[in-house]
Amino acid sequence: MIRVQREDFDVGAELEKLTAGNHAIGGAVSFVGLVRDIAGDAEVSAMTLEHYPGMTEKQLGAIEEEANRRWPLEASLIIHRYGRLEPGDRIVLVICASPHREAAFEAAAFLMDWLKTKAPFWKLEDTDTGAQWVDARDSDGDAAARWRESG
Amino acid sequence: MIRVQREDFDVGAELEKLTAGNHAIGGAVSFVGLVRDIAGDAEVSAMTLEHYPGMTEKQLGAIEEEANRRWPLEASLIIHRYGRLEPGDRIVLVICASPHREAAFEAAAFLMDWLKTKAPFWKLEDTDTGAQWVDARDSDGDAAARWRESG
Amino acid sequence: MKVLYFAWLKTKIGVGEEDVDPPADVRDIAGLVEWLKARGGGYAEAFAEVSVVKAAVNQEFAEPDQAIAAGDEIAFFPPVTGG
Amino acid sequence: MKVLYFAWLKTKIGVGEEDVDPPADVRDIAGLVEWLKARGGGYAEAFAEVSVVKAAVNQEFAEPDQAIAAGDEIAFFPPVTGG
């Protein structure tokens, strides 16, 4: 399940909804991304997340489908926010639930790595030196590359 | 922070408490372990978790300290329940929060792997073929071994 | 053909979306970029360093040599930074 | 010396905790296991397959050759299965 929304989300409630009644689930891994107050040397007072409506949903759906193809998941969820956010605010939630913990951990890490390189979001940070578009991190490309399938 | 308790826990509330006000945190990874209703071919109606009071706290504390030594964590939490649990019940909660997601993912996986091999808990499952002590999984030993430091 | 711009491409060009009607010899993404760049001003600035500009055709990531046609939805944006 | 038993060792032996006073030549975990096993009954059963029994001394995991002394808290248990 994927959701792209301006509103905040409730991690406990989402986890509960996703796992309730499914007793085949042995482990659920959640990742919550939060807005930091530091970017490089600059102080961040707020950020605005722009995205590409339509393509975002398409890409998140494809990424989630791919995770379910690769790992035996019982349930999965991606929520990504857009709009204006302040330090400490939640940006993104990924949950993967599986009979075994290894699959849940790997699938959640995979979703985050792919999301960082495939989901059309762009961050504009308000810093004490002005507003600035965040540059893509090389390390995110490297992190995503480790999931490439050979052949 | 570690807690060993009979009572259930609230994942959302724990996550909120752990991360609130710390704007250096960029990502928090949580793992929730749940009671499954199947063990091998047998149906599980309930399980009882026995532990070694005193040693449990000592081991969990040492495992958490080790994770904080290896990864730059801003916050961490381990909660492990004991006593009688039914399918779908929460058993264990691990949360690791860090400036970057990679550290949070690795530290949480590390804590779960070590917990599986170092925390003195034993599971007695009530199945349709009688009560049975759960055998340690070889794969848990293998999973823990990957974190061994050389030298 | 609908063209969308995001993040600093949108800022530089000044619009987030426009309808364009390139000549028939503009057949792929690379050709469209050259044609837009030739408009000068914000376009020339936005596409100055073309290697850092990513593209999508009909909401799927696309390489410079991907063919485009009237009716397509084309988007240009910097490398994504979500998550 | 306090000795604790957990999981199926406790079930087989019938108690979870007892005070024992082994002779002076019982100097390590392996020696204590042999001495307990020689009591027969549930003890012999619990320690029959000694390779699957783990031990702790004063709440730290211990190998068979670890020295023990009066006043120590010794525990025997199967491989752990928490998490």
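What this report covers is the structure whose coordinates are included nearby. Starting afresh in each chain, residues are numbered from 1 along the sequence in its written order. Written order decides the labels, with chains lettered from A and ligands numbered from 1. In keeping with the predicted nature of the model, local features appear solely for residues at pLDDT of at least 70, side-chain atom pairs appear and are counted solely at 80 or more, and the whole-chain, interface and lining totals rest on all residues. The side-chain numbers reported here are obtained from all heavy atoms of the structure, hydrogens and water having been left aside.

**Some remarks on the overall build of chain C**
Then, number 1: The helix count covers DSSP runs of H or I at least four residues long, the strand count covers runs of E at least two residues long, and both are numbered beginning at the N terminus. The helix and strand inventory of chain C stands at three helices and five strands.
Then, number 2: The linear arrangement of helices and strands in chain C, starting from the amino end, is β-α-β-α-α-β-β-β.
Then, number 3: Relative to the compact-globule value of 12 Å for 83 residues, chain C shows a C-alpha radius of gyration of 12 Å, a close match.
Then, number 4: Here the C-alpha coordinates of chain C stretch approximately 35 × 30 × 20 Å along the principal axes.
Then, number 5: Note on exposure labels: buried denotes an accessible area under 20% of the residue type's maximum, exposed denotes more than 50%, and partly exposed covers the range between, all computed with a 1.4 Å probe on protein chains only. Relative to its 83 residues, chain C shows a buried fraction of 46%.
Then, number 6: If the 7 positive side-chain charges of chain C are averaged to one point and the 14 negative ones to another, these points end up 5 Å apart. Radius of gyration: C-alpha atoms only; globule rule: 2.2 Å multiplied by the number of residues to the exponent 0.38. Within this scheme the basic residues Lys and Arg register as positive and the acidic residues Asp and Glu register as negative, but His and the chain ends are omitted. Charge positions are represented by NZ for Lys, CZ for Arg, CG for Asp and CD for Glu.

**A look at the interface of chain A and chain B**
Then, number 1: Whether two residues are in contact is decided by their heavy atoms: any pair within 4.5 Å suffices. Facing 36 residues of chain A, the contacting portion of chain B comprises 36 residues.
Then, number 2: Buried area counts how much accessible surface, traced with a 1.4 Å probe, disappears from two parts once they are put together, with both parts' losses summed. Roughly 2900 Å² of surface becomes buried between chain A and chain B when both sides are summed, with 54% attributable to carbon and sulfur atoms.
Then, number 3: Per-residue buried area on chain A facing chain B is highest for A:His23, A:Arg101 and A:Phe105; these three make up 25% of the total on that side.
Then, number 4: Here, a salt bridge means any side-chain nitrogen of Lys or Arg that lies within 4 Å of a carboxyl oxygen of Asp or Glu. Across the contact surface, chain A and chain B share eight salt bridges.
Then, number 5: Two residues, A:Glu16 and B:Arg90, come together in a salt bridge whose shortest N-O distance is 3.0 Å.
Then, number 6: Pairs of N or O atoms are called polar contacts if they sit within 3.5 Å, as long as, within protein, a hydrogen donor faces a hydrogen acceptor (for residues adjacent in sequence, only side-chain-to-side-chain pairs). Our count for the chain A to chain B interface comes out at 19 residue pairs in polar contact (both at pLDDT 80 or more).

**Describing the sheet that holds strand S3 (residues 54-57) of chain C**
Sheet strands line up and pair through hydrogen bonds in the backbone, either parallel or antiparallel.
Residue and element names in this part refer to chain C.
Then, number 1: Spatially, the five strands line up as an open sheet ordered S2-S1-S5-S3-S4, and their pairing is mixed. In the strand order of this sheet, the two ends are held by strand S2 (17-19) and strand S4 (60-62), each with one partner. If you compare each strand with its neighbour and ignore which way they point, the axes differ by 25 degrees on average.
Then, number 2: By the convention used here, strands pair only if DSSP detects at least 2 bridges between them. Note: strand S1 (residues 2-5) against strand S5 (residues 73-77), four bridges, orientation parallel. Looking across to S5, one finds that Leu4 is bridged to Ala75.
Then, number 3: The strands touched by helix H2 (residues 29-37) are S1, S2, S3 and S5; relative to S5, the strand with the most contacts, the crossing angle is about 70 degrees. Each axis is a line fitted through C-alpha atoms, and for a helix only the stretch in contact is used; angles between axes span 0 to 180 degrees, taken between their N-to-C directions.

**Structural notes on the nonpolar core**
Then, number 1: Residue types Ala, Val, Leu, Ile, Met, Phe, Trp, Tyr and Cys, when buried and joined through side-chain atoms within 4.5 Å, form a set referred to as a nonpolar core. Counting residues in hydrophobic clusters, the biggest one holds 64 residues, and the most contacted among them are A:Val94 and B:Val94.
Then, number 2: Apart from the residues within four sequence positions on either side, B:Val94 is in contact with B:Val29, B:Ser30, B:Phe31, B:Leu77, B:Ile78, B:Ala108, B:Leu111, B:Met112 and B:Leu115.
Then, number 3: In this structure, A:Phe9, A:Val11, A:Leu18 and A:Leu93 belong to the second largest nonpolar core, which totals 28 residues.

**Side note on the pattern of salt bridges**
Then, number 1: One pass over the structure, following the stated rule, counts 43 salt bridges over all chains.
Then, number 2: The salt bridge involving A:Lys58 is made with C:Glu60; its shortest N-O contact spans 4.0 Å. Of this pair, A:Lys58 sits in helix H2 (residues 55-70) while C:Glu60 sits in strand S4, placing the two residues on different chains.
Then, number 3: For C:Glu60, a relative accessible area of 39% gives the class partly exposed.
Then, number 4: Between B:Arg146 and B:Asp113 there is a salt bridge whose closest N-O contact spans 2.8 Å. Separated by 33 residues along the polypeptide, B:Arg146 in the segment after helix H4 (138-145) and B:Asp113 in helix H3 (residues 101-118) bring together distant segments of the chain.
Then, number 5: Taken together, the shared-partner salt bridges connect A:Arg101, A:Glu102, B:Asp113, B:Arg137, B:Asp140 and B:Arg146 into one network.

**A look at the packing of helix H3 (residues 101-118) of chain A against helix H4 (residues 138-145) of chain A**
Residue and element names in this part refer to chain A.
Then, number 1: Running from N to C, H3 and H4 point in directions that differ by 130 degrees, and their axes come no closer than 8 Å. Comparing the axis directions of H3 and H4 gives the class oblique. For H3 against H4, the interelement crossing comes out left-handed. Across the interface between the two elements, Asp113, Trp114, Lys116 and Thr117 of H3 pack against Asp140, Gly141, Ala143 and Ala144 of H4.
Then, number 2: Residues of the contact of H3 with H4, tallied by class, amount to three nonpolar, two polar and three charged. Roughly parallel here means an angle under 35 degrees, roughly antiparallel means over 145, roughly perpendicular means 65 to 115, and every remaining angle is called oblique. Less than a right angle of anticlockwise turn of the near helix away from the far helix marks a crossing as left-handed, whereas a clockwise turn marks it as right-handed. Residues are grouped as follows: Ala, Val, Leu, Ile, Met, Phe, Trp, Tyr, Cys and Pro are nonpolar; Asp, Glu, Lys and Arg are charged; all remaining types, including Gly, are polar.

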